[in-house]
Structure formats: C-alpha cells, structure tokens
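What follows is each chain in one-letter form.
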Amino acid sequence: AQSVSQHNHHVILSEAASLELGCNYSYGGTVNLFWYVQYPGQHLQLLLKYFSGDPLVKGIKGFEAEFIKSKFSFNLRKPSVQWSDTAEYFCAVNDPNSGNTPLVFGKGTRLSVIA
Amino acid sequence: NAGVTQTPKFRVLKTGQSMTLLCAQDMNHEYMYWYRQDPGMGLRLIHYSVGEGTTAKGEVPDGYNVSRLKKQNFLLGLESAAPSQTSVYFCASSIAAQETQYFGPGTRLLVL
C-alpha cells in the first residue's frame, strides 16, 4: 500500500529564511499529490495540488511544490517565510493501485517561524 | 455554502458514556471521512464512506461505529468512550477518492 514520509518533524526558521519541506511516497504510477496546511487551532486547508502537467506547482501564499517522479518526491518550498506561516504541513498522495481507497497522509511537519 | 460542518465543537465525556459526532456537507460529495488527530501521530483515518449507505474501515476503526444514511451526513459513534479516545476528530469529504478532501473545523473530545 501507498505510504508517505515527511522526514522533518519540526522545522524552526527565522523570518525571511527559505523553506523546503520533504515529502516522499512509496508507489509510483499515476499519482495525485497534495499539500495541506493546518494553522494553530484550525482545520486542514488545501495549499496546492498536482494532478498532471507542469511538475512545478504554485499554490496560495507564495508556496510552490515540485513533483520529481524519479525520486518519488513532492517537496514544498517557499523563498521567504513569514511569522504567519507557522503551522503544520501535511503531504498526501493517492494510492494508484486502488481507485476507491482514500488519500494517504504523511504525519506532518510542524513549522515554527521566529522573528 | 457552508462546506463541511461538525457538531459539537467540544465535548467532555466520562469513561463508558456514549456519544455521536455529526458531520454534514453541502457540496454533494460522494466520499466522506472521519479522522482523529493526536500529537505526533498526524491524521489517522477511522472510517470512511464511498457513498450513501456504505461504510468502510480505516486505519484505527476499533471502538468507533459510523453510519451514512443520507448522502450529506456522516455520523461517528462511540459506544463506550475510553480515555484513549481523547482526541480531535476531523470530518472531511471529497468528490472522489483521489480528489481533494475538504475538512470540517473539528470536534475536540475529552474522555475522563
């Protein structure tokens, strides 16, 4: 079955630093890829998604992610983080071997941005 | 268009009590999901439904039951609450299994 790894559990950055959060999945094929963000005390919201086409996907709030098929990766990036980006970030991937099974979520990466 | 709503927002139960969490969506989505979120554990899927009248087990189904009698509602039941079920519960819905999931605001449950 599909699995998703987010290797960084907690990342601490200063404001204006660049961000890259890793996401790797186990099974290839036709994958749909997602990044969700959860601000403190709130629910998960979609940040960006990739279904097909240009492997560099731009999302809301200046985030982008790059799908590298050969590396089974979909890393999230932002050139310059702000304090308001403090949140937990979840990567999710479909299971290409099963049409009805839900998305598989990674365990999340907590981002703390300090002034 | 409210999206996904959850009732209640917060609940305290004593061990052994029962309760039902209600999830409602107004997007005409076929798929609905119940997750629990615990510190360091990420999101864990409890049960899900691929359409009205259907349910399926997720990763952590024990101690929970679900029903999908109407397309827009997905109920999560705890028959005999245990302290290990203290968690934040999120409901989500999607058009299809491989598509974007839309999440509700969550229910914080404390079992004493």
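Each remark here, short or long, concerns the structure printed above.
Residues numbered from 1 in each chain as written. Chains lettered and ligands numbered in written order. Predicted model: local features only at pLDDT ≥ 70, side-chain atom pairs only at ≥ 80, totals over all residues. Heavy atoms only, no water.

**Overview of the layout of surface pockets**
Part 1: The computed volume of the largest pocket comes to approximately 650 Å³.
Part 2: Residue lining of the largest pocket: 30 residues in total, with A:Q38, A:G41, A:E88, B:Q37 and B:P39 positioned closest to the centre.
Part 3: Elements supplying a minimum of two residues to the lining of the largest pocket: strand 10 (87-93) and strand 12 (109-114) of chain A together with strand 4 (31-38), strand 9 (87-94) and strand 11 (107-111) of chain B.
Part 4: Counted by class, the lining of the largest pocket contains 10 nonpolar, 14 polar and six charged residues.
Part 5: By volume, the second largest pocket amounts to about 420 Å³. (1 Å grid on protein atoms, 1.4 Å probe; cavity = no way out; pocket = protein on both sides within 12 Å on 5 of 7 lines; lining within 4 Å. Points joined across faces, edges and corners; volume = space filled by probe spheres on them. Helix = DSSP H or I, 4+ residues; strand = E, 2+ residues; numbered from the N terminus. Nonpolar A, V, L, I, M, F, W, Y, C, P; charged D, E, K, R; others polar.)

**Let's talk about the pattern of salt bridges**
Part 1: Counting across every chain of the model gives seven salt bridges over all chains.
Part 2: Of the charged contacts in the structure, one is a salt bridge between A:E64 and A:K58, with a shortest N-O distance of 2.9 Å.
Part 3: A relative accessible area of 17% means that A:E64 is categorised as buried.
Part 4: Across the pair B:K71 and B:E30 runs a salt bridge, and its minimum N-O distance is 2.9 Å. Highlighted residues: B:K71 in the loop between strand 7 (65-67) and strand 8 (73-78) and B:E30 in the loop between strand 3 (19-25) and strand 4, separated in sequence by 41 residues.
Part 5: Owing to a relative accessible area of 19%, B:K71 belongs among the buried residues under this scheme.
Part 6: By sharing partners, the salt bridges in this structure join A:K58, A:E64, A:E66 and A:R77 into a single network. (Salt bridge = Lys/Arg side-chain N within 4 Å of Asp/Glu carboxyl O. Buried < 20%, exposed > 50% of the residue type's maximum accessible area, 1.4 Å probe, protein only.)

**Regarding the pairing of strand 10 of chain A**
All names here are of chain A.
Part 1: Most of strand 10 is tucked away: six of the seven residues are buried.
Part 2: Relative to strand 12, strand 10 is paired through three bridges, and the arrangement is antiparallel. For Y89, the partnering residue across the bridge sits in strand 12 and is T109.
Part 3: One ladder, built from two bridges, connects strand 10 with strand 11 (residues 104-105); its direction is antiparallel. Across the sheet, V93 pairs through a bridge with V104, a residue of strand 11. (Pairing = 2+ DSSP bridges.)

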